[in-house]
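Here's the letter readout for the chains.
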Amino acid sequence: MVSDIDLSRPLGVREAYKRLYRYRSGNDNDRKQKMRFVVPVLKKYFLDQDSNVERAEIGMYIPAEFQDNPPASTYDEVRIEQWDKAKVYVRPFGGYREEEEFLQQFDLLKTALENVGITPNPNVRVIAGYTYLRYGRQRIEAMLYDNSPM
């Protein structure tokens, strides 16, 4: 399940997350079906040629028992997507998303990949979160897609 993040709004990420929560809790799906929370929560940022964020979306996996036939969203700002297989590279970080050090993880990951001859996709960055926001130290990951075809 995926919802776009309104980058012009200060609480755009929170608002998008709440839309997914309402779908997952059964409020905004056609079966009124509650689904368990599945981690990670993924925030995907799409960048322009100068590495500026053009748009972003937040997504969660649909639990295994609903994968073959997920409930339809009754809210047009939540959509069900099946993502293509992709090779991604991950750099875990224990800390907080707001820390300056976290954003450096993308550059460190890119440099490590380039040192072994791998060119990551320069137009997509993903943040994977595995713990509740604001509940102590966070388990988060900086993710980059492989730029070569699968």
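Here the structure is shown first, and the text comes after it.
Residues numbered from 1 in each chain as written. Predicted model: local features only at pLDDT ≥ 70, side-chain atom pairs only at ≥ 80, totals over all residues. Heavy atoms only, no water.

### Quick word on the nonpolar core
Counting residues in each nonpolar core, the largest one holds 25 residues, and the members touching the most others are Met1, Leu20, Tyr23, Ile58, Ile62, Phe102 and Phe106. Contributions of two or more residues to this core are made by helix H1 (12–24), strand S2 (41–47), strand S3 (53–60), strand S4 (88–95), helix H2 (100–115) and strand S6 (138–145). Among all residues touching Phe106, those that are not within four sequence positions of it are Arg125, Val126, Ile127, Ala142, Met143 and Leu144. Grouped together as the second largest cluster of nonpolar side chains are seven residues, Val124, Val126, Met143 and Tyr145 included. (Core = buried A, V, L, I, M, F, W, Y, C linked by side-chain atoms within 4.5 Å. Buried < 20%, exposed > 50% of the residue type's maximum accessible area, 1.4 Å probe, protein only. Helix = DSSP H or I, 4+ residues; strand = E, 2+ residues; numbered from the N terminus. Contact = heavy atoms within 4.5 Å.)

### Here we look at the side chain of Arg19
Tracing the backbone through its elements, the reader meets Arg19 in helix H1. Overall, the relative accessible area of 14% leaves Arg19 in the buried class. Within polar-contact distance, the side chain of Arg19 engages the backbone oxygen of Asp4 at 2.6 Å. Once residues lying within four places of it in the same chain are set aside, the contact partners of Arg19 are Ser3, Asp4, Tyr75, Glu77 and Val78. (Polar contact = N/O pair within 3.5 Å; in protein donor to acceptor, adjacent residues only side chain to side chain.)

### Some details on the sheet that holds strand S5 (residues 124–129)
Ordered by their spatial adjacency, six strands build an open sheet running S1-S3-S2-S5-S6-S4, and the pairing between neighbours is antiparallel. Either end of the sheet is taken by a strand with one partner, and the two such strands are strand S1 (2–5) and S4. Strand after strand, the sheet turns through a mean of 20° between neighbouring axes, direction not considered. Strand direction decides the pairing type here: S5 and S6, joined by four bridges, are antiparallel. Bridging across to S6, Ala128 finds its partner in Glu141. Strands S1, S2 and S3 of the sheet are contacted by H1, whose axis makes an angle of about 160° with S1. Packed on one face of the sheet, H2 meets S4, S5 and S6 and runs near 40° to S6. (Pairing = 2+ DSSP bridges. Axes fitted to C-alpha atoms, helices over the stretch in contact; angles between N-to-C directions.)

On their own, these measurements won't tell you what the molecule is for.
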